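Below, each chain spelled out in residue letters.
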There are 2 protein chains.
Amino acid sequence: MRHIVFLSGGIGGARLLHGLAQEIAPESLTAVVNTGDDLVHWGLRVSPDLDTVMYTLGEVADQARGWGLRDESFRALEMMKRYGEPSWFSLGDQDLATHLVRTARSAGGESLTSITQSLCAALGVGCRVIPMCDQPRCTWIDTVDHGPMPFQDWLVKHRAPAVAGVRFEGSAHATPEVHDALSRADLIIIGPSNPYVSIDPILTLEGVRDRVAQTKVVALSPIVRGKAVKGPLGEMIRALARREPSPQAIVDHYAGLLHGLVVERGDESAVREIPVLGTSTIMGGRDDRARLARELLDFADAVG
Amino acid sequence: MRHIVFLSGGIGGARLLHGLAQEIAPESLTAVVNTGDDLVHWGLRVSPDLDTVMYTLGEVADQARGWGLRDESFRALEMMKRYGEPSWFSLGDQDLATHLVRTARSAGGESLTSITQSLCAALGVGCRVIPMCDQPRCTWIDTVDHGPMPFQDWLVKHRAPAVAGVRFEGSAHATPEVHDALSRADLIIIGPSNPYVSIDPILTLEGVRDRVAQTKVVALSPIVRGKAVKGPLGEMIRALARREPSPQAIVDHYAGLLHGLVVERGDESAVREIPVLGTSTIMGGRDDRARLARELLDFADAVG
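Parameters and conventions
Residues numbered from 1 in each chain as written. Chains lettered and ligands numbered in written order. Predicted model: local features only at pLDDT ≥ 70, side-chain atom pairs only at ≥ 80, totals over all residues. Heavy atoms only, no water. Helix = DSSP H or I, 4+ residues; strand = E, 2+ residues; numbered from the N terminus. Rg over C-alpha atoms; globule rule 2.2 N^0.38 Å. Buried < 20%, exposed > 50% of the residue type's maximum accessible area, 1.4 Å probe, protein only. Contact = heavy atoms within 4.5 Å. Areas by Shrake-Rupley, 256 points an atom, 1.4 Å probe, with all protein chains shown as cover. Lys, Arg positive; Asp, Glu negative; His and termini not counted. Charge placed at Lys NZ, Arg CZ, Asp CG, Glu CD. Least-squares fit on C-alpha atoms with pLDDT ≥ 70 in both. Phe/Tyr/Trp six-rings, centres within 6.5 Å; stacked < 30°, edge-to-face > 60°. Lys NZ or Arg CZ within 6 Å of the ring centre and 35° of its normal. Salt bridge = Lys/Arg side-chain N within 4 Å of Asp/Glu carboxyl O. Buried area = accessible area lost by both parts, 1.4 Å probe. Core = buried A, V, L, I, M, F, W, Y, C linked by side-chain atoms within 4.5 Å.

S.K.: Teacher, can you tell me more about the overall build of chain A here?
M.R.: Counting secondary structure elements, chain A contains 12 helices and 14 strands. Taking 2.2 N^0.38 as the reference for a compact globule, 304 residues should give roughly 19 Å; the C-alpha atoms of chain A span a radius of gyration of 18 Å, in line with that estimate. In terms of overall dimensions, chain A has a C-alpha envelope of 55 × 45 × 35 Å along the principal axes. The buried share among the 304 residues of chain A stands at 57%. Considering only contacts in chain A between residues 6 or more positions apart, those separated by 24 or more positions represent 68%. Approximately 11700 Å² of chain A is accessible, and the part contributed by carbon and sulfur atoms is 48%. If you average the places of the 31 positive and of the 38 negative side-chain charges in chain A, the two averages end up 2 Å apart.

Structure (structure tokens):
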């Protein structure tokens, strides 16, 4: 039986996953999700990428905002402000339940993998969603002007000041579930996520890149018309790869891993050396995501 | 300068305190609040009596419900239900902020006394509100038919089944702040709270009862026309004191501590041996609470 492993960051990966989940049997799809962005906020364990993936697959995500739950309210946040607590990272009222469950069960010794499975079941998520690791592995951003800071501090609190480097701290290991999924995969899909801060945290876990390199890999380009679809990826490519953002910069970043790349129609000529599929990659609603997933799967069948 | 210490449980005590806070200078009033009902729920440290006192004095309490914040929503609770988490104890969305702050700061080593001071400041509470102790001291209810259970399990989850006894667990001590306030008090007021489960947890802390016995003490009867104004006190008096509920049962319970008792007008004859003031004791809004507080203070001046 076919088994697909999907490497995901937040919103872009979550949306493509949502499309894939409509196209293939749930038991054939495992999402391995970045946890390098995780933070403890208000004493709660928050896993932004896991939450975005769960909420999107559970069809309870806010579509316009791109994070959190739809029909969300922020009454606890308003009260936290009154108490003088930090308000730079917005946690919604319904969203708090997710973090409360994760925090309490973690404190009780349950693994993030197991907690995530339970949350996904409650949200009606069919495919398997697993964190890349169960121990903390924090993505640090070395900035040009303000020193090093954890990822969310950099992105949300300080609004992405110029980057000098990216590091991953903590001696976490990919879980047995990640290794098992990768060993069974006949296709690995890399979501349209930021390679530096969403995918590299997964690939740099011991043994993961070697395993991925043994499997057919296709990716969806997060760069469209020379710009990042979302977030600070464009600036990071300029700062860290010292080149202009382009789909080829993504291919080069993954250094031989990719067997094919899906890009926005018109960007095909920017990719050399590997097969490329041009199509409409800016995902709309449910059906549009399924359409893109189907095209990507057909492309993957045809390459390598 | 006059200094008053007020011993308080939840809503009744909170309302009389609210009246007192309008009648005397904030620096002359210290509320010592029961924490025997505290619980850990959803991993959060919840102090129901402290919260009711803070919210009432801060004029943000829900008046109709008798607990929690006004204009409250319960979206996190609904999500917790979806996750299969316990929903028998309702925590509102705004209210969660209070418990998040308390939990995070406690985990950081800050005392409940200090955290409460900070929360009160944010809520604009003028007088001093202090927990009876900083360490856990849990009120256990021995039930006739269902064994022992912590107070909130007994009251809220199991809806107050028949009581065989009340115990306090934990080796907590009254804080230096409690001892200091009591040593400076020229009047101690006992709120119209349940003596067994709201006031005894305070009085039975080592050294507290002896100190209270050296000071003038007046109380407001929680029994009106032979019934508890709120909660299961009537049944507890029948079960534990083996008598009918009455203001005299309250006087006898405190065994010589009281120098005067304020009762509902018409209940005066039920009190023997100590001075009694009959007035309207079922507190309405802000002004009515202040009126009762003024009458109680005048009465206290006149007795003992």
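S.K.: Looking at this structure, I do not really get the relation of the copies chain A and chain B. What am I missing?
M.R.: Relating the two copies of this chain is a rotation about some axis coupled with a shift parallel to it. Once chain A is rotated about the relating axis by 180 degrees and shifted along it by 0.0 Å, it coincides with chain B to within an RMSD of 0.0 Å. A rotation of that kind, with that shift, is consistent with a two-fold axis. Within chain A, Asp93(A) has its C-alpha nearest the rotation axis, a separation of 3.0 Å. Looking at chain A, 100% of its interface residues are interface residues in chain B too, so the copies touch through the same face.

S.K.: Would you explain the packing of aromatic side chains in this entry?
M.R.: One pair of aromatic rings is described through two measures. These are the centre distance and the angle between the planes. Residue and element names in this part refer to chain A. Taken as a whole and assessed by the stated rule, the structure comprises six aromatic pairs over all chains. An angle of 70 degrees between the planes, with centres 6.1 Å apart, marks the rings of Trp 67 and Phe 74 as edge-to-face. Judged by relative accessible area, which is 34%, Trp 67 ranks as partly exposed. One Lys or Arg, Arg 65, reaches over the ring of Trp 67 and ends 4.4 Å from the middle of that ring.

S.K.: Honestly, the pattern of salt bridges in this entry has me stumped. Any pointers?
M.R.: Once their charged atoms are close, side chains differing in charge can pair, the charge on each being opposite to the other. Residue and element names in this part refer to chain A. The final tally for this structure, using the stated rule, is 30 salt bridges over all chains. Note that Arg 102 is salt-bridged to Asp 51, the shortest N-O span being 2.5 Å. One end of the pair, Arg 102, is in helix α4 (residues 93–107); the other, Asp 51, is in helix α2 (residues 48–57), with 51 residues separating them in the sequence. Residue Arg 102 shares its accessibility class with Asp 51, and that shared class is buried. Between Arg 225 and Asp 267 there is a salt bridge, and its shortest N-O distance comes to 3.1 Å. Pair noted here: Arg 225 is in the loop between β11 (223–224) and β12 (227–228) and Asp 267 is in the loop between β13 (260–264) and β14 (276–279), with a separation of 42 residues, a long-range link.

S.K.: It is not clear to me how the interface of chain A and chain B should be interpreted in this structure. Could you clarify?
M.R.: Buried accessible area, meaning the area lost when the parts come together, often serves as the stated size of an interface. Every contact between the two is made by 28 residues of chain A and, on the other side, 28 residues of chain B. In total, chain A and chain B occlude about 2400 Å² of area from one another, counting both sides; carbon and sulfur atoms represent 64% of this. On the chain A side of the interface with chain B, the three residues burying the most area are Arg75(A), Tyr83(A) and Leu100(A), jointly 28% of the side's total. The interface formed by chain A and chain B includes two salt bridges. Note that Glu85(B) and Arg105(A) form a salt bridge whose closest N and O atoms lie 2.7 Å from each other. Elements with a contribution of two residues or more to the side of chain A that touches chain B: α3 (75–82), α4 and α5 (112–122) of chain A.

S.K.: I'm lost on the nonpolar core in this one. Help?
M.R.: A general trend in soluble globular proteins is that nonpolar side chains are found buried together. Ranked by internal contacts, the top residues of the largest apolar core, which has 108 residues, are Leu16(A), Val129(A), Ile189(A), Leu16(B), Val129(B) and Ile189(B). By size, the runner-up hydrophobic cluster in this structure holds 44 residues, among which are Val178(B), Ala185(B), Ile223(B) and Leu233(B).

S.K.: Teacher, can you tell me more about the side chain of Thr116(A) here?
M.R.: Residue placement: Thr116(A) occurs in helix α5. Apart from residues no more than four positions distant in its own chain, Thr116(A) is found in contact with Leu50(A), Met54(A), Val129(A) and Pro131(A).

S.K.: Hey, could you run me through unusual backbone geometry in this one?
M.R.: Both trends apply: most residues other than glycine have a negative phi, and most peptide bonds are in trans. Phi at Arg159(A) is positive, roughly 55 degrees, even though this residue is not glycine. Mapped onto the elements, Arg159(A) comes out in the loop between α6 (151–157) and β8 (163–169). With relative accessibility at 71%, the residue Arg159(A) sits in the exposed group. Of note in this structure, Ala255(B) is not a glycine but carries a positive phi near 45 degrees. Within the secondary structure, Ala255(B) is located in the loop between α11 (247–253) and β13 (260–264).

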